[in-house]
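# Notes for the structure review
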Amino acid sequence: MDTTETRTSVARSGGSTDPFLNLRDPAKRLGPDGKPAVSRRAPIWEDVPDEKWNDWRWQLSNRVNTLEELERVLNLTEDEREGLSAPDKFRVDITPYFASLIDPDDPNDPIRLQVIPKGQELRAFTGMMEDSLAEDRHSPVPGLVHRYPDRVLMLVTTQCATYCRYCTRSRIVGDPSQNFNRAEHEAQLDYIRRTPQIRDVLISGGDGLTLAPKLLESVMRGLREIPHVEIVRIGSRVPVFLPQRVDEELCEMLAKYHPIWMNLHFNHPNEITPEVARAADMLTRAGVPLGNQSVLLAGVNDCVHIQRDLVHRLVENRIRPYYLYQCDLVEGAGHFRTPVGKGIEILEGLRGHTSGYAVPMYIVDAPGGGGKIPVMPNYLISYSDHKVVLRNYEGYITTYEEPTTYTPHDSASCAYCRSPRPEPGQEGITGLLDGKKMWIEPAGFELTHARGNVEAHRLQDPSKWVAYGIGAIEGRAGAPLPVLEAGGAGSGEVPGRGEAGGGAAAPEYGPGEEPRPAEGMPSGTANHELL
Ligand SMILES: *Cc1c(COP(=O)(O)O)cnc(C)c1O
Ligand code: SF4
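Here is a short report on the structure shown in this document.

### Remarks on the site of ligand 1
Around ligand 1 sit Val 145, Arg 147, Tyr 148, Arg 151, Leu 153, Leu 202, Arg 233, Tyr 322, Tyr 323 and Lys 372, and that is every residue in its neighbourhood. The contact in question runs from an oxygen atom of ligand 1 to an N or O atom on the side chain of Arg 151, over 2.7 Å. Here an oxygen atom of ligand 1 sits 2.6 Å away from a polar atom, N or O, in the side chain of Tyr 323. In isolation ligand 1 offers 380 Å² of accessible surface; the protein chains occlude 91% of this area.

### Describing the packing of aromatic side chains
On inspection of all chains with the given rule, the structure shows seven aromatic pairs. Aromatic side chains Phe 98 and Phe 241 sit 4.8 Å apart centroid to centroid with 80 degrees between the ring planes, which places their arrangement in the edge-to-face category. Of this pair, Phe 98 sits in helix α6 (residues 96–99) while Phe 241 sits in helix α10 (residues 238–241), placing them 143 residues apart in sequence. The burial state of Phe 98 is the same as that of Phe 241; both residues are buried. Taking the centre distance of 5.6 Å and the plane angle of 75 degrees together, the rings of Tyr 323 and Tyr 325 count as edge-to-face. Neither residue differs from the other here; Tyr 323 and Tyr 325 are each classed as buried. Here the aromatic cluster, defined as three or more aromatic residues joined through ring pairs, consists of Trp 45, Trp 53 and Trp 58. Positioned above the aromatic ring of Trp 56 is the side chain of Arg 245, whose terminal nitrogen or guanidinium carbon lies 4.3 Å from the ring centre.

### Topic: the sheet that holds strand β9 (residues 371–374)
Picture the strands of a sheet paired through backbone hydrogen bonds; they go either parallel or antiparallel. Taken together, the nine strands give an open sheet; going across it, the order is β1-β2-β3-β4-β5-β6-β7-β8-β9, and neighbouring strands pair in mixed fashion. With partners counted over all chains shown, the strands left at the sheet margins are β1 (144–148) and β9, one partner each. On average, each strand axis in the sheet is tilted by 30 degrees relative to the strand beside it, whichever way the strands run. Pairing of β1 with strand β2 (residues 151–155), which is carried by three bridges, proceeds in the antiparallel orientation. Within β2, the residue paired with Tyr 148 across the bridge is Arg 151. Taken strand by strand, helix α13 (residues 304–316) contacts β6 (290–295) and β7 (319–325), and its axis lies near 145 degrees from that of β7.

### Section: the packing of α13 against helix α14 (residues 340–350)
At a minimum axis distance of 9 Å, the contact between α13 and α14 shows a crossing angle of 55 degrees. On the basis of the axis angle, α13 is oblique to α14. Viewed along their axes, α13 and α14 form a crossing whose handedness is right-handed. Between α13 and α14, the contacting residues are Val 304, Gln 307, Arg 308 and Val 311 on the first element and Glu 345, Ile 346, Gly 349 and Leu 350 on the second. A per-class count over the contact of α13 with α14 returns four nonpolar, two polar and two charged.

### Observations regarding the site of ligand 2
The full set of residues close to ligand 2 is Cys 160, Tyr 163, Cys 164, Cys 167, Gly 206 and Arg 237. The class makeup of the residues in the shell around ligand 2 is four nonpolar, one polar and one charged.

### Regarding the pairing of strand β10 (residues 380–383)
Both β10 and strand β11 (residues 387–391) contribute to a ladder of three bridges, which runs antiparallel. Note on β11: the bridge partner recorded for Tyr 383 is Val 388. Counting the residues that bridge the hairpin from β10 to β11 gives three residues.

### Some details on unusual backbone geometry
In this chain, Gly 205 is followed by Gly 206 through a cis amide linkage whose omega measures 20 degrees. Mapping Gly 206 onto the fold places it in the loop between β3 (200–204) and α9 (213–224). Residues His 258 and Pro 259 are joined by a peptide bond in cis, for which omega reads 0 degrees. Relative to the helices and strands, Pro 259 resides in the loop between α11 (248–255) and β5 (260–264). In the Ramachandran plot, Arg 318 falls in the positive-phi region, its phi being about 60 degrees despite a non-glycine side chain.

### Considering the pattern of salt bridges
Under the defined criterion, the tally for this structure stands at 32 salt bridges. The salt bridge involving Glu 135 is made with Arg 171; its shortest N-O contact spans 3.2 Å. Separated by 36 residues along the polypeptide, Glu 135 in the loop between α7 (110–115) and β1 and Arg 171 in the loop between β2 and α8 (182–193) bring together distant segments of the chain. Here the two residues Glu 135 and Arg 171 agree in accessibility, since each one is buried. Linked through salt bridges whose partners overlap, the residues forming this network are Arg 24, Arg 29, Asp 309, Arg 313 and Glu 316.

### A few points about the sheet that holds β10
The antiparallel open sheet is built from three strands, whose spatial order is β10-β11-β12. Where the open sheet ends on each side, the last strands, each with one partner, are β10 and β12 (397–401). With strand direction ignored, the average angle separating the axes of adjacent strands in the sheet is 25 degrees. Pairing geometry for β11 and β12, over five bridges, is antiparallel. Bridge pairing in β12 links Leu 390 to Thr 398.

### Re empty space enclosed by the protein
Counting across every chain of the model gives two cavities of 30 Å³ or more. The space that makes up the largest cavity amounts to roughly 40 Å³. If you trace the largest cavity, you find it lined by Asn 292, Ser 294, Gln 307, Leu 310, Val 311, Leu 314, Pro 321, Tyr 323, Leu 324 and Pro 360. Looking at the lining of the largest cavity, the elements with two or more residues in it are β6, α13 and β7. In terms of residue class, the lining of the largest cavity is built from seven nonpolar, three polar and no charged. When its volume is computed, the second largest cavity comes out at roughly 30 Å³. In terms of lining residues, the second largest cavity is bounded by Asp 25, Pro 26, Ala 27, Ala 277, Asp 281, Glu 316, Asn 317 and Arg 318. The residue makeup of the lining of the second largest cavity, split by class, is three nonpolar, one polar and four charged.

Conventions and cut-offs
- Residues numbered from 1 in each chain as written.
- Chains lettered and ligands numbered in written order.
- Predicted model: local features only at pLDDT ≥ 70, side-chain atom pairs only at ≥ 80, totals over all residues.
- Heavy atoms only, no water.
- Near = heavy atom within 4 Å.
- Polar contact = N/O pair within 3.5 Å; in protein donor to acceptor, adjacent residues only side chain to side chain.
- Areas by Shrake-Rupley, 256 points an atom, 1.4 Å probe, with all protein chains shown as cover.
- Phe/Tyr/Trp six-rings, centres within 6.5 Å; stacked < 30°, edge-to-face > 60°.
- Helix = DSSP H or I, 4+ residues; strand = E, 2+ residues; numbered from the N terminus.
- Buried < 20%, exposed > 50% of the residue type's maximum accessible area, 1.4 Å probe, protein only.
- Lys NZ or Arg CZ within 6 Å of the ring centre and 35° of its normal.
- Pairing = 2+ DSSP bridges.
- Axes fitted to C-alpha atoms, helices over the stretch in contact; angles between N-to-C directions.
- Contact = heavy atoms within 4.5 Å.
- Parallel < 35°, antiparallel > 145°, perpendicular 65-115°, else oblique.
- Left-handed = near helix turned anticlockwise from the far one by under 90°.
- Nonpolar A, V, L, I, M, F, W, Y, C, P; charged D, E, K, R; others polar.
- Salt bridge = Lys/Arg side-chain N within 4 Å of Asp/Glu carboxyl O.
- 1 Å grid on protein atoms, 1.4 Å probe; cavity = no way out; pocket = protein on both sides within 12 Å on 5 of 7 lines; lining within 4 Å.
- Points joined across faces, edges and corners; volume = space filled by probe spheres on them.

Quick look at the structure:
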């Protein structure tokens, strides 16, 4: 609804005193006919009765997927014809509701780019991988990804309401013959039951909200019967592609299994329609806090102004921007990728300029399965033993004086510190700061691989996540890099790395013994005067 429409709605309510009609609430917006606002329908569906159009089952069974059908909805480009004609492409399927949001004559429509394949997606690129997050390597049972100590990703289905061309899980998503069923759900639940450190379960897929309602409820119930599962999160794009699915029945079912959180997936303000506003309102009223995860996509939302409008429309609907993901190195996504600098620029354009609630965290999901890595613009410029140098969103630089009297936390008398850690590996970076360690290596790293041989560490299972290397430096293209044995056998092939490689000499000091700059020597600190 544009401003003129809002004004007309406000004018229409003029004079009515009771009850108060809140026309600023996007879930209550009215259309020109005075009825709840609806979004546009493509001409081919104009005659579909409302009961059918608003029925999620009708939307699902009338999805468009062939060149012939899409031709009746959009004016297709040559590139799209090539993409739609490719035999082995990632599945195409679009709900009539979502397809109707596309401007049929705009080849660069941001919704269109996300769901209509282009010939370009068939092209390989340097660094491309099939399973770029190495999820299969972190799967103890099919469909369960256990990467972090206290939480798991539970893939309950391979089906979605509509398919995104840049899908990070395109290796498994979309194929109806590869779906997960009750037996797999039972195996997943069984793993969670046997793993008491799991306190947070993320239901994803595919899209869990496309499961048959009974099956979805049996998964929810199965999880809620496990006492150590504290929160359940659902990651879903159904409210975006198929807001009709969010009905009273779904909300009542979910509310039985609280605490439940939900992350949605909007990439562009055009996706936030009156139907979406009502669906989000219903979920929020059912007590489900809503977040949003976007993917930074070239041509779709690689613009600070689009992103600012998107996050404003989200918070207006009580959806909290959670993550903005850098596009993964996945097959089919090459033409969507942006430099990381673009994401940093967007974050700088949001932080401070708009509500903190509206600012997502910018994440690069580590290729090879290291998990999510936040990327922040630089606000902490420097610090000494007593002063921190900071800059604000305008470029204003200031200092924060550290306290001179700070009694360190007494971990010996702190009950939280003394309670046993549920799993190892939580010391993290503090060992480095304490001077107990000079570096951190994954468990077993030193035993099996020459120190510093980063390639050998990363390539333990070359079949799963070696970059294809298309267009890579001559001599390395396509071939996995050699995995070094302890003692440096074969290490000559990776020159300049590690002790055995004959490159840099081993340091003469041990962990915690690194030399300090002598008194009066420059320490390399910038912003000298401020410090
Ligand atoms: C994203 C993800 C999570 C959840 O990460 P949060 O940062 O807690 O949102 C958990 N497991 C896997 C495998 C993931 O990819
Ligand atoms: S909704 Fe999610 S899982 Fe489904 S195709 Fe899109 S990105 Fe992939």
